[in-house]
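Survey of secondary and tertiary structure
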Amino acid sequence: MKWGIVTTVKADTRSIAEFAAHHLELGADRLYIYLDDDSEDAYELLKTHPKIRVLRTTGAHWRSANRPEKHQARQSANARHAYRRKAGDVDWLAHIDVDEFLWPETSISEQLEALPEACQAARVRPIEALAADSQNTAENTAGNTTYFKAMTNDRKQRLAETQAIFPTFGTQLNGGFLSHVAGKVFARTGHKNATFKIHNFYVGDDENPGQVELLGTKLCHMHAHSFDAWMAAYRYRLSKGAYRAELKPNRPREQGGLSLHELLTYLEQTEGEDGLRAFYTEVCTATPELRAQLDDFGLLYSLNLDLAAKCRKHFPTLGE
């Protein structure tokens, strides 16, 4: 059972190479990488690999006269293009981002092989990376190990657990996650009238037909793996990304629900960067207290992605 990944990326060459190397190591048969900026170094590096199909998508390289303004629309358009035009070499195609890394318990190919024929969409749920705790170095992450927080799929249970684990901000969060809890989807290829979006797959008007949860695989999301990285992406996410104003609160407004945009804007306006740092420390930092709370609920993961070693193996010409 052959599988591949489609992704739209705007990142430095090393980050793209680490993403590619990790999934090649897992056994991906094809990676369809759409470069969202003019990264000549990345293009030259990736195009030489026999399992990678790299496409430029800026300016004159876009497939029509109208390149979508929003990156979410470009992601969906590229995923559809890969599915309809490029994915004949694979049986299943996953649409994920460059900061997301599949983590299977057993072979992905074998997991997909075991799915019923009626299943056209297999959903992979996320776990979200925690930052190293600089205040507790003796108990902190060792070597290349990264702590991740997971969440319970049942929404009612998840919201109750979130309040218990995150005492200050839990009422406004969904699983304690700053990004999506929906996860991403593997789609069975070969449908003529298919539409591939960011979190869902359609055959005609049928959304995620025959969907099965791919429980043997997690999606490691490096959304906020350090405070500096989080702050570097903060303005963009607040205006156009995961924290943009049009997204709804996780709880009804009549119950005091705020969207992430409203919560973060309020913290910044009233407490400045100190308020944002306090939020980040409670929600995104692997403190002993948070790790203990997550562990009590069975929601703590400790993983070694070993990206540098995988990158050296698959892209030996890329310097350290």
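Here, the structure is the one placed above.
I will try to describe carefully the structure that is included in this document. Predicted, not measured: the structure shown is a model, and the values here were computed from it. (Residues numbered from 1 in each chain as written. Predicted model: local features only at pLDDT ≥ 70, side-chain atom pairs only at ≥ 80, totals over all residues. Heavy atoms only, no water.)

Digging into the packing of helix H1 (residues 13-26) against helix H9 (residues 307-314)
Orientation of H1 relative to H9, taken along the N-to-C sense of each, is 85°, at an axis distance of 8 Å. The orientation of H1 relative to H9 falls into the category roughly perpendicular. Between H1 and H9, the contacting residues are Arg14, Ala17, Glu18, Ala21, His22, Leu24 and Glu25 on the first element and Leu307, Ala308, Lys310, Cys311, Lys313 and His314 on the second. Of the residues that constitute the contact of H1 with H9, the class distribution is six nonpolar, two polar and five charged. (Axes fitted to C-alpha atoms, helices over the stretch in contact; angles between N-to-C directions. Helix = DSSP H or I, 4+ residues; strand = E, 2+ residues; numbered from the N terminus. Parallel < 35°, antiparallel > 145°, perpendicular 65-115°, else oblique. Contact = heavy atoms within 4.5 Å. Nonpolar A, V, L, I, M, F, W, Y, C, P; charged D, E, K, R; others polar.)

Points about the pattern of salt bridges
On inspection of all chains with the given rule, the structure shows 15 salt bridges. Two residues, Lys184 and Asp97, come together in a salt bridge whose shortest N-O distance is 3.4 Å. Of the two residues, Lys184 sits in strand E8 (residues 184-188) while Asp97 sits in the loop between strand E4 (92-95) and strand E5 (100-104), which places them 87 residues apart along the sequence. Two residues, Glu100 and Lys184, come together in a salt bridge whose shortest N-O distance is 2.9 Å. In this pair, Glu100 sits in strand E5 while Lys184 sits in strand E8, placing the two residues 84 residues apart along the sequence. Given the relative accessible area of 2%, Lys184 is considered buried. Linked by salt bridges that have partners in common, Lys10, Asp36, Arg67 and Arg74 make up one network. (Salt bridge = Lys/Arg side-chain N within 4 Å of Asp/Glu carboxyl O. Buried < 20%, exposed > 50% of the residue type's maximum accessible area, 1.4 Å probe, protein only.)

Describing the packing of helix H6 (residues 227-239) against helix H7 (residues 260-284)
Geometry of a packed helix pair, given as the angle between the helix axes and the separation of the axes. It is the contact of H6 with H7, at a shortest axis distance of 13 Å, that shows an interaxial angle of 165°. Classified by the angle their axes make, H6 and H7 are roughly antiparallel. The two elements H6 and H7 meet at a crossing, and its hand is left-handed. Across the interface between the two elements, Phe227, Trp230, Met231, Tyr234, Arg235 and Leu238 from H6 touch His261, Leu264, Thr265, Glu268, Glu273, Leu276, Arg277, Phe279 and Tyr280 from H7. Residues of the contact of H6 with H7, tallied by class, amount to nine nonpolar, two polar and four charged. (Left-handed = near helix turned anticlockwise from the far one by under 90°.)

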